[in-house]
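Fold and geometry: a report
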Amino acid sequence: MLEKSLPYSDIIMKADHVTASTWKPAYLPDGYSFKMYEEGDETAWADLETSVKEFSSREEALAYFQKVFLPHRRLLPFRMCFVVDEDNRICATASAWMKTENGCYWPILHWVSTAPDVQGKGIGHAVISYALSLFSRTDPGKAVFLHTQTWSYRAVSIYYQYGFRITKSPLSGVQTDFRYQETLQGVLPDSILNDIVE
């Protein structure tokens, strides 16, 4: 869940290509399984993103999906993954996505979310590791980026465990706002806040 009581600051994190080459999928708890995007999953994606307060309504989330993901429909079955429960309900998602701008290309871990009712079961970690493992096929030999924010400070420490470090490098016109250090002082360890790479 987002912690919107904190001041907002953008945070860009980066994992080098050596770290990216080591990612493997984690195990899921009993009763859960992975699946890749199939036509029609955008509605469940929108419901999930709305449940974690990334969007204020399903319609807003669907509009975003149609704008950002559907132009790349052929890539979705290879880059967008989900965790489903025994009833085939989508309860977590992450994407091994990419951004392009002005001839630049960035592989990115994108839109990581876990339904509130299954948080704390290891499902978030599992969907992250599964999405990260896809990069060895989709973008071998490349560093991987992600965009997060102070509102998602818990995720920053999870990403750190996977080898991501806060970076000075911009990501498609967004860069780290170093005011995050003041906002998260005492919230996250200094070892994470001050481990900065180019």
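Now for a description of the structure that goes with this document. This one's a predicted model, so the numbers in the text were calculated from it and none came from an experiment.

1. Regarding the overall build of the protein chain
Of the regular secondary structure elements, the protein chain holds 8 helices and 8 strands. Rg of the C-alpha trace for the protein chain: 16 Å, near the compact-globule value of 16 Å for 198 residues, within the 12% margin. Taken over the C-alpha atoms alone, the protein chain extends approximately 40 × 35 × 35 Å along its principal axes. Split into buried and exposed, the 198 residues of the protein chain put 48% on the buried side. Expressed as a percentage of contacts within the protein chain between residues at least 6 apart in sequence, the contacts between residues at least 24 apart total 73%. With the model as given, the accessible surface of the protein chain reaches about 9800 Å², and the carbon-plus-sulfur share is 50%.

2. Some points on the environment of Asp30
In this fold, Asp30 is placed in the loop between α1 (17–20) and β2 (33–36). The spatial distance from the C-alpha of Asp30 to the C-alpha of Val112 is 21 Å, given a sequence separation of 82 residues.

3. Some details on the sheet that holds strand β1 (residues 10–15)
Strand order in the open sheet made by the 8 strands is β2-β3-β4-β5-β6-β1-β7-β8, with mixed pairing throughout. The outermost strands of the open sheet, each flanked by one partner alone, are β2 and β8 (196–197). Across the sheet, helix α2 (residues 42–51) lies against β3 (80–84), β4 (90–101) and β5 (104–114), angled at about 100° from β4, the strand it touches most.

4. Describing the pattern of salt bridges
Counting across every chain of the model gives 10 salt bridges. Arg89 is the salt-bridge partner of Asp85, the closest N and O atoms lying 3.1 Å from each other. Assessed through its relative accessible area of 15%, Asp85 is described here as buried. A salt bridge links Asp117 to Arg89; the shortest N-O distance between them is 2.9 Å. Pair noted here: Asp117 is in the loop between β5 and α5 (123–138) and Arg89 is in the loop between β3 and β4, with a separation of 28 residues, a long-range link. Three or more residues joined by partner-sharing salt bridges are found here, namely Lys35, Glu38 and Asp41.

5. Let's talk about unusual backbone geometry
With the exception of glycine, most residues fall at negative phi, and the peptide bonds are largely trans. A positive phi angle, close to 50°, is found at Asn102, a residue other than glycine. In this fold, Asn102 is placed in the loop between β4 and β5. Positive phi values are uncommon outside glycine, yet Trp111 reaches one of about 50°. Here Trp111 is to be found in strand β5.

6. Points about the pairing of β5
Within a regular strand, the side chains alternate between the two sheet faces. Buried residues dominate β5, accounting for 8 of its 11 residues. Relative to β5, β4 runs antiparallel, the two sharing 9 bridges. Pairing of Glu101 across the sheet is with Cys104, part of β5. Hairpin geometry of β4 and β5 is characterised by an intervening segment of 2 residues between the two adjacent antiparallel strands and by a positive phi of about 50° at Asn102. By the bridge criterion, 2 bridges tie β5 to strand β6 (residues 144–149) in an arrangement that is parallel. Bridge pairing links Ile108 to Phe145 in β6. As a crossover connection, the stretch from β5 through α5 into β6 is right-handed.

7. What about the nonpolar core?
Trp23, Trp45 and Phe164 are the most contacted members of the largest nonpolar core, which totals 66 residues. Examining the composition of this core, we find that 9 residues originate from one element, α5, more than from any other. In this structure, Trp23 is in contact with Ala15, Leu132, Ser133, Phe135, Val144, Tyr162 and Phe164, ignoring residues within four places of it in sequence.

What counts as what
Residues numbered from 1 in each chain as written. Predicted model: local features only at pLDDT ≥ 70, side-chain atom pairs only at ≥ 80, totals over all residues. Heavy atoms only, no water. Helix = DSSP H or I, 4+ residues; strand = E, 2+ residues; numbered from the N terminus. Rg over C-alpha atoms; globule rule 2.2 N^0.38 Å. Buried < 20%, exposed > 50% of the residue type's maximum accessible area, 1.4 Å probe, protein only. Contact = heavy atoms within 4.5 Å. Areas by Shrake-Rupley, 256 points an atom, 1.4 Å probe, with all protein chains shown as cover. Pairing = 2+ DSSP bridges. Axes fitted to C-alpha atoms, helices over the stretch in contact; angles between N-to-C directions. Salt bridge = Lys/Arg side-chain N within 4 Å of Asp/Glu carboxyl O. Right-handed = clockwise from strand over helix to strand, strands pointing away. Core = buried A, V, L, I, M, F, W, Y, C linked by side-chain atoms within 4.5 Å.

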